[in-house]
Structure formats: C-alpha cells, structure tokens
Amino acid sequence: MKKHFSRRDLLKAGGLLAGSAAVAAALPWLFPPQRAQFDNHPGGWGGGPFTPAPPLAGRVKADVVIIGAGYTGLATALHLARRDPDLDIVVVEARQPGYGASGRNGGMLLPQFGEEMFEMPEQAADLQQAYALTANAMQSMKLLADASGEDCGFKLDGYCLAILEEDDLAYYRDYVARAAGLGMKLELWDAEAAEDALGSPAFAGAVYDPKGGQVHAMRWLQVLHRAAQAAGVKIYGDSPVTQVREGKVVQLQVAGGRGVVEAEALVLATNGYTPALGYFQERVMPVHAPTGITQPLTPAQLEAMGWSSRLPYFDTRNFLYHLVLTDDNRIVVGGGNARYQLGADLAYGGNLEDDAKMMLADISRLYPQLKGLRFDKVWTGVMGVTYDGMEGVGVTGEHENIYYALGYNGHGIVLSYLFGEALAYLYLDQPHPLEQTGHVNHPLAYIPPDPYRWLGAKGTMAYLRWQDRDY
C-alpha cells in the first residue's frame with residue numbers, strides 16, 4: 001500500500017529521540033552548526049557563456065540587500081525592481097550565481113507545495129488554491145523565459161508520478177477523481193499506458209499532470225540573472241557574508257571586511273545554507289541529495305528505451321528517483337538517497353562514485369537497453385528541509401526588516417519564483433494571494449539539535465531504505 005512516511009515523519013522520528021527540551025536546549029554548543037562552506041564540485045548542468053559577477057569591494061548603500069544569487073534571490077530582486085524601479089537593490093553571492101542548489105537540482109517544474117503533493121487536505125479548497133497559485137507561477141516563468149530569448153528548455157507539457165505498486169492504484173484513482181472535482185485535470189494511466197509514455201515496464205501505472213514540466217536549471221538561472229541586471233539590480237559574486245549586524249539599517253560585512261553593505265532591509269535567500277548565517281538554525285536543516293547527468297544517448301538508445309513522451313517523472317519510493325530527458329538527449333537523474341551530516345555540515349561527506357553506481361543501477365533497472373551508460377557529471381546539492389514539510393516565507397527581526405524564503409524541501413524551482421514575488425509584495429506592503437494559504441509568516445516548527453537530530457535522521461533513513469529494498 002501507499003507509504004505515508006514522508007520527510008515530515010522522518011524528522012518527527014528524529015524529534016522522538018531528542019529527549020527533554022531542557023536537555024536539547026543545552027546541546028547546541030557541543031555540536032554547533034558549521035560555518036558556510038561550499039563543495040568544490042559544481043553542478044553539471046553547464047549553461048553556456050556566463051560573465052562572472054564581480055566581487056564587492058568598499059562600502060555600498062542600498063534600499064534592499066539580498067544574500068544569495070540563486071533562484072530565490074534573483075527572483076526577489078527582479079520582482080522588487082519591476083514593481084518599484086526606483087529601489088536600489090544589491091545581491092551578494094558567496095561564490096557565483098547558481099553555485100548552490102539552484103544550479104544542482106533535477107530541473108523538474110512541479111505544481112503545489114512540496115509536502116502536499118498527492119495528499120488530499122481536509123479542506124479541498126486549500127489544494128485548489130495551491131495548485132492554481134503554482135500553476136500561474138509557472139506560466140509567469142514561461143513568459144519571462146520566452147521574452148528573454150534564452151533557450152532554457154522551458155517546457156510545460158506536464159509530468160508524471162510513476163506508481164510502483166499495484167496496491168497503490170486505488171489510492172491514486174481516488175485522488176485523481178477528487179482532484180477532478182476541483183478542476184485539476186489529472187489522468188490515471190494503467191501499466192500499459194505508463195510504459196507507452198515512459199518506456200519502462202517497471203511501473204504499475206502513473207498519474208499524469210498537465211500542469212508541470214522541466215527546465216535547464218542553469219539556463220533558467222541565467223534568465224533570472226540577466227532580467228534582474230536589466231532591471232537595474234547590482235549583483236556581486238565571490239562575496240561571502242561573514243557578519244550580519246541587525247538594526248534599522250542592516251549592515252553586512254563581506255569577505256572578512258573587504259566590503260560592507262548597508263541597507264534598510266535584508267532578504268535571506270540562502271535556503272539550506274541559512275543556518276550557517278546564524279538564522280533558523282533550529283528550524284531548517286541542510287540535507288544533501290545526489291544528481292547526475294548522463295552522456296548523450298545515441299539515436300539507437302533513444303529509440304530502444306521508448307521514452308516517447310519525454311515527460312519528466314518521479315516515482316513513489318520513499319527515496320524517490322526523478323528523471324528528466326534533456327533536449328540534447330541526456331538523462332538527468334537524482335534521488336535514491338539523502339544525507340544529513342552531523343553539525344549540519346555543508347561539505348558533502350559521502351562518496352560520489354557510490355552515488356553514481358546507485359543511480360546508474362536504477363537507470364539500468366528501468367531501461368535495460370541502456371546498460372553500460374555512463375555519467376558525464378555527478379554532484380550533490382543542499383536542500384533546506386523543515387520539520388513539518390512546510391516552507392517558510394515572511395519577515396522577522398526586531399525591526400521587521402529581515403525577509404526570508406526558505407525550506408523548499410526539494411521543490412524550489414517554482415516556489416522560489418512565487419515566494420520571491422510574495423517577498424516583493426511584503427516589502428512594498430501590498431497584498432499577495434500567497435498570504436491566503438497560511439504560508440506567509442507561518443512559524444516554522446522546531447527541529448531538535450544534534451546529536452539527536454543526526455541520530456533520528458540516520459535511523460529513519462535506514463528504515464526508509466529497508467522499506468524500499470524490493471525496488
């Protein structure tokens with residue numbers, strides 16, 4: 001039957017090991033969060049010519065300063081600049097734009113909020129609203145991509161959830177029927193239809209959702225980057241923030257004193273890296289997940305595998321796999337594992353060769369015709385994961401001038417654009433439909449400290465792998 005054991009359950013299991021609140025509160029000094037650090041292996045998407053963002057030096061003043069030049073930071077900057085062209089907006093990035101999770105994801109465009117996907121809430125109107133908001137965000141993103149002239153592989157042809165067990169079909173049949181009553185035009189496919197579309201006989205069926213698709217992760221980042229620059233946003237790379245001083249005017253120290261930024265408002269657009277800045281350390285935890293991109297398939301391989309629809313998809317395992325077929329006929333595959341490291345360590349401590357073998361083995365299982373296929377590149381990315389699976393977006397701080405959007409739980413491409421828009425509206429004191437969903441200023445749930453967090457996550461992940469043993 002369908003496994004209702006989600007990331008939310010994983011973290012709650014970790015919380016069960018946390019003991020008393022008094023003991024937990026005394027432990028962070030033993031296992032302090034790591035300082036911001038970055039893997040030396042960048043993502044493998046590539047993206048063509050990209051002029052590096054210059055480093056910040058000297059003293060800079062702005063209306064808004066944004067930490068992080070990924071999807072969230074650039075989308076927020078763009079929305080702010082377009083709604084108020086007179087604003088002076090500065091973005092600072094520790095490495096270069098897209099070096100973090102924005103350049104390391106699997107490229108899937110998905111509707112809904114992450115933890116709610118394929119779960120029917122008590123209030124059906126909540127699902128309807130979330131679906132409409134995210135679907136509209138994707139349309140807005142596509143308009144931006146089309147207007148840019150950048151070939152970023154932005155497609156909204158839909159996506160599939162590939163169902164592994166026949167026993168699960170009844171659950172998804174009911175879900176699709178109830179979703180239809182909300183105007184969601186999902187389709188439940190049987191095994192034959194799923195194989196015709198996806199090419200693999202491994203699935204008992206699939207749910208097709210026309211509101212979704214795929215994008216080239218780094219080229220979409222470039223669309224945002226160039227649009228923000230064209231709107232007057234100043235973007236600095238190789239400028240890690242080493243100190244934040246809050247106040248009516250926020251002051252950032254960059255690169256140990258090489259530069260200083262002063263602004264009336266700060267935006268934290270750093271997702272899983274945010275705890276390393278001293279914020280949300282007990283609300284968001286960084287989780288590493290692997291992704292790889294294969295060598296281009298030959299015409300013979302492409303025909304033999306039978307992925308005729310070219311629709312991106314993910315499956316129903318606990319440690320799900322997600323697969324995208326790119327325009328140049330490479331398979332981007334991710335998932336199959338997740339790793340939380342003691343002390344919220346941001347440098348990956350796993351073995352990329354083992355990750356590659358794991359993912360290639362799954363491709364071979366799904367498509368035996370591709371046995372012997374190799375990766376061009378394998379990497380990991382840091383997800384921002386929350387205790388209850390709910391994302392965080394809002395404003396905080398004594399002076400209510402620290403804005404944030406984070407905790408995407410692996411569903412950040414569309415949500416970062418939507419949340420960036422919501423942050424712009426919040427800053428400008430304008431209403432945004434996201435406020436009606438309960439996400440804005442939703443108090444993120446407490447996550448116990450290490451070592452309990454690490455023990456709970458490690459134990460639960462082992463249990464989830466055991467559940468997935470037959471796949």
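Residues numbered from 1 in each chain as written. Predicted model: local features only at pLDDT ≥ 70, side-chain atom pairs only at ≥ 80, totals over all residues. Heavy atoms only, no water.

Caption draft 1: Fine view of unusual backbone geometry. Cis geometry marks the peptide bond from Asp 450 to Pro 451, where omega comes out at 10 degrees. Of note, Phe 118 is a non-glycine position whose phi angle comes to about 60 degrees, a positive value. By the element assignment, Phe 118 lies in the loop between strand 3 (108-109) and helix 4 (124-148). For Phe 118, a relative accessible area of 4% gives the class buried. Phi at Phe 280 is positive, roughly 55 degrees, even though this residue is not glycine. (Helix = DSSP H or I, 4+ residues; strand = E, 2+ residues; numbered from the N terminus. Buried < 20%, exposed > 50% of the residue type's maximum accessible area, 1.4 Å probe, protein only.)

Caption draft 2: Summary view of the packing of helix 3 (residues 71-83) against helix 10 (residues 412-427). Their axes nearest at 8 Å, the elements helix 3 and helix 10 cross at an angle of 40 degrees. The orientation of helix 3 with respect to helix 10, classified from their angle, is oblique. In this structure, helix 3 crosses over helix 10, and the sense of that crossing is right-handed. Here helix 3 contributes Tyr 71, Thr 72, Ala 75, Thr 76, His 79, Leu 80 and Arg 83 to the contact with helix 10, which in turn contributes Ile 413, Ser 416, Tyr 417, Gly 420, Glu 421, Leu 423, Ala 424, Tyr 425 and Tyr 427. Residue composition of the contact of helix 3 with helix 10, by class: nine nonpolar, five polar and two charged. (Axes fitted to C-alpha atoms, helices over the stretch in contact; angles between N-to-C directions. Parallel < 35°, antiparallel > 145°, perpendicular 65-115°, else oblique. Left-handed = near helix turned anticlockwise from the far one by under 90°. Contact = heavy atoms within 4.5 Å. Nonpolar A, V, L, I, M, F, W, Y, C, P; charged D, E, K, R; others polar.)

Caption draft 3: Seen up close, the environment of Lys 377. Structurally, Lys 377 can be placed in strand 16 (residues 375-386). Apart from the residues within four sequence positions on either side, Lys 377 is in contact with Pro 42, Gly 43, Gly 44, Thr 291, Gly 292 and Ile 293.

Caption draft 4: Just helix 4, in detail. The first and last C-alpha atoms of helix 4 sit 37 Å apart over 25 residues, in line with the 36 Å expected at 1.5 Å per residue. Restricting attention to buried positions, one finds in helix 4 the residues Leu 127, Ala 130, Tyr 131, Leu 133, Thr 134, Ala 135, Ala 137, Met 138, Met 141, Leu 144 and Ala 145. Here the buried face of helix 4 lies against helix 3, strand 3, helix 5 (169-180), strand 6 (205-209), helix 7 (217-230) and helix 10. Of the residues trailing helix 4, Gly 149 is marked for its positive phi of about 80 degrees. (Expected span 1.5 Å × (residues − 1).)

Interpretation in functional terms is not warranted from these geometric data alone.
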